[in-house]
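The primary structure of each chain is shown beneath.
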Amino acid sequence: MGEPGSLVTGDRAGGRIWCLQRVGMNAEKLLLKDGKEVTVGRGFGVTYQLISKLCPLMISRNHCVLKQNTDGQWTIMDNKSLNGVWLNRVRLEPLKVYSIHKGDHIQLGMPLENKENAEYEYEVAEEDQERNSYLTPKSDQKMEKNKDLRTKRKFSLDELEGLGAEGPSNLKSRITKMSCESDQPVKSHGKGEVASQSSEYLDPKLTSLEPSEKTTGIHVSVPAKVVELHHKKQKVSYPLASQHILELFKVIMSRILKLKVQMQEKQGLEKEQGEEDLKQQLAQTLQEHHDLMEELNHNKKNLEAVLQAKNKELEQTKEEKEKVQAQKEEILSHLNDVLENELQCIICSEYFIEAVTLNCAHSFCSYCINEWMKRKIECPICRKDIKFKTRSLVLDSCISKMVDNLSSEVKERRIVLIGERKAKRLS
């Protein structure tokens, strides 16, 4: 446990109290008083001060806070500590309140590299107060120290009064010895300690030491020479001490001024050096920026040249494509003209279906010329008598291949027309 804490026995008799019992150390416990907030850390304003011997910064100044909620349940909160608070081996979130129960394990800080457990590990317990010892809060420690100081002062006063009971001669020799001892610090220090130390050894009560029947019952008188010698020493020591202090103050001030001048000179040199470094860095940065801009401009020019070449190629390709497209359209239009003029039946105005050629060399659809011959046996074009007709397979093949490259509407209409003529022929 931290050195500022001391172990004392609880004040209240009987009853059960909550406490944090340090693991492995039954004598060291932190008392949790009902209705009071308990703070733990290494700072000065906490309830329990913990100072780590292994790692002084392991415990934060205000490490954690323990207090009761409205239901009387004790809670713990990590007050943004550096190394954390662990409840049952789980680290708590900062500034978040967690309830604790009997038997819970609380760990403050983390274990060191060569240690398995942390330095401060506690277990929540509820025990009889009069049987156990607890770590005293800092306020109680200060009260005990002040009490000890008052006891020591009273003891020294009683001891000096007891010296007066030994007799005037003995008291004179003892006071003279004290005054001689009080002169020694003047030679060693020379800072005005004579007045304070002489007044400490020769209290005003002792210089006049009147008869005291309450304490000793014996009348004691101090020789006037001793008192007069004491006052003379005080008058002589005050000017000497003040003069020495003044000279020491002047020396210290001169040293402070010299150090201040040196610090200013050093700061000026550092500032100049820093400015030069900044200028060099700025010049280097500007040069790098200039080089980078030149490289970017060069790359930009190269990229523009490449883009121009690509654009020219695209334009040439576009022109060639347009020429090819125009040629293709011209061929298609010519083909359509040929199909319309040369490969159409004059009777039905459709492309030849099962084309036949007459003895006069004119061609017609087989269905169309048969229907025509039912009325007249002469050519519809030249009016010559029809003597014979011949099937033209070359025209049928040529027309079928040409129709495959035409639109879907033409194809569908031709298929429908072929189906209708077959149906009429069968009927």
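What comes next is a walk through the structure. (Residues numbered from 1 in each chain as written. Predicted model: local features only at pLDDT ≥ 70, side-chain atom pairs only at ≥ 80, totals over all residues. Heavy atoms only, no water.)

## Quick notes on the overall build of the protein
Thought 1: From N to C terminus, the protein includes eight helices and 16 strands.
Thought 2: The burial tally for the protein puts 28% of its 427 residues in the buried class.
Thought 3: Intrachain contacts of the protein at a sequence separation of at least 6 include 50% that bridge at least 24 residues.
Thought 4: Split by element, the accessible area of the protein, about 30200 Å² in all, is 54% carbon and sulfur. (Helix = DSSP H or I, 4+ residues; strand = E, 2+ residues; numbered from the N terminus. Buried < 20%, exposed > 50% of the residue type's maximum accessible area, 1.4 Å probe, protein only. Contact = heavy atoms within 4.5 Å. Areas by Shrake-Rupley, 256 points an atom, 1.4 Å probe, with all protein chains shown as cover.)

## Description of the pattern of salt bridges
Thought 1: Going through the model one piece at a time under the given rule, you end up with eight salt bridges.
Thought 2: Between Arg89 and Glu121 there is a salt bridge, and its shortest N-O distance comes to 3.7 Å. Here Arg89 is found in the loop between β8 (85-87) and β9 (90-91), whereas its partner Glu121 is found in strand β12 (residues 120-128), with 32 residues between them in sequence. (Salt bridge = Lys/Arg side-chain N within 4 Å of Asp/Glu carboxyl O.)

## Concerning the sheet that holds β9
Thought 1: Strands sit in the order β3-β2-β12-β11-β8-β9 across an open sheet of six strands; the sheet is antiparallel. Looking at strand neighbours, the two that pair on one side only are β3 (29-32) and β9, the edges of this open sheet.
Thought 2: In the sheet, β8 pairs with strand β11 (residues 105-108) via three bridges, with the strands oriented antiparallel. Note on β11: the bridge partner recorded for Val85 is Leu108. (Pairing = 2+ DSSP bridges.)

## Comments concerning the state of the cysteines
What is meant by a disulfide is a covalent connection between two cysteines, made through their sulfur atoms.
Thought 1: Within this structure, the stated rule accounts for zero disulfides.
Thought 2: Distance from the sulfur of Cys348, which forms no disulfide, to the nearest cysteine sulfur (Cys368) is 3.6 Å.
Thought 3: Overall, the relative accessible area of 22% leaves Cys348 in the partly exposed class. (Disulfide = S-S within 2.5 Å.)

## Considerations on a nonpolar patch on the surface
Thought 1: Together, Leu246, Leu248, Phe249, Ile252, Met253 and Ile256 line one region of the surface with nonpolar side chains, adding up to about 510 Å² of accessible area.
Thought 2: Examined against the element boundaries, Leu246 turns out to sit in helix α5 (residues 224-342). (Patch = residues over 30% accessible without salt bridge, like charges linked within 9 Å, V, L, I, M, F, W, Y side chains within 5 Å.)

## Things to note about the environment of Gln49
Thought 1: With respect to the helices and strands, the residue Gln49 is situated in strand β5 (residues 48-49).
Thought 2: Once the C-alpha coordinates of Gln49 and His63 are considered, the two residues, 14 residues apart in sequence, prove to be 9.9 Å apart.
Thought 3: Only 3.0 Å separates the side chain of Gln49 from the backbone oxygen of Arg42, close enough to count as a polar contact.
Thought 4: In this structure the side chain of Gln49 is engaged in a polar contact, spanning 3.3 Å, whose partner is the backbone oxygen of Gly43. (Polar contact = N/O pair within 3.5 Å; in protein donor to acceptor, adjacent residues only side chain to side chain.)

## Brief notes about the side chain of Thr75
Thought 1: Within the element layout of this structure, Thr75 appears in strand β7 (residues 74-78).
Thought 2: Among all residues touching Thr75, those that are not within four sequence positions of it are Val65, Leu66, Lys67, Asn69, Val97, Tyr98, Ser99 and Ile100.

## Examining the nonpolar core
Thought 1: Residues Leu20, Val40, Leu66, Ile100, Ile106 and Leu108 are the most contacted members of the largest nonpolar core, which totals 23 residues.
Thought 2: At the level of elements, β2 (16-22), β3, β4 (38-41), β6 (64-68), β7, β8, β11 and β12 are the ones that each hand at least two residues to this core.
Thought 3: Setting aside residues up to four positions removed in sequence, Ile106 forms contacts with Leu20, Ile76, Trp86, Leu87, Ile100, Tyr120, Glu121, Tyr122 and Val124.
Thought 4: Within the second largest apolar cluster, 22 residues are counted, among which are Cys360, Met402, Leu406 and Val410. (Core = buried A, V, L, I, M, F, W, Y, C linked by side-chain atoms within 4.5 Å.)

## Some details on the sheet that holds β5
Strand-to-strand pairing in sheets goes through backbone hydrogen bonds, with the strands running parallel or antiparallel.
Thought 1: Here we have five strands laid out as an open sheet, ordered β5-β4-β6-β7-β10, and mixed in their pairing. With partners counted over all chains shown, the strands left at the sheet margins are β5 and β10 (97-99), one partner each.
Thought 2: Where β4 and β6 come together, three bridges link them in antiparallel fashion. Bridged to Val40 within β6 is Cys64.

## Looking at unusual backbone geometry
Thought 1: Positive phi is not limited to glycine here, since Arg89 has a value of about 70°.
Thought 2: Phi is positive for Glu354, close to 55°, though the residue is something other than glycine.
Thought 3: Mapped onto the elements of the fold, Glu354 is located in the loop between α5 and β14 (355-358).

## Some details on the pairing of β7
As a general feature of sheets, a regular strand has side chains that alternate between the two faces.
Thought 1: For β7, a buried count of five out of five residues is recorded, marking the element as mostly surrounded by other parts of the structure.
Thought 2: The alternating pattern of β7 places Trp74, Ile76 and Asp78 and Thr75 and Met77 on opposite faces, both of which are buried.
Thought 3: Bridge count between β6 and β7: five bridges; the pairing is antiparallel. Along β7, the bridge assignment pairs Val65 with Met77.
Thought 4: Both β7 and β10 contribute to a ladder of three bridges, which runs antiparallel. Of the residues in β10, the one forming a bridge with Thr75 is Ser99.

## Remarks on the environment of Ile100
Thought 1: As for its position among the elements, Ile100 is in the loop between β10 and β11.
Thought 2: On the basis of relative accessible area, Ile100 is assigned to the buried category, the value being 0%.
Thought 3: Taking the C-alpha atoms as reference points, Ile100 and Thr75, separated by 25 residues in sequence, lie 5.5 Å from one another.
Thought 4: Here Ile100 is in contact with Leu66, Gln73, Trp74, Thr75, Ile76, Leu87, Ile106 and Val124, once residues within four sequence places are set aside.

Any functional reading would require information beyond the geometric quantities listed.
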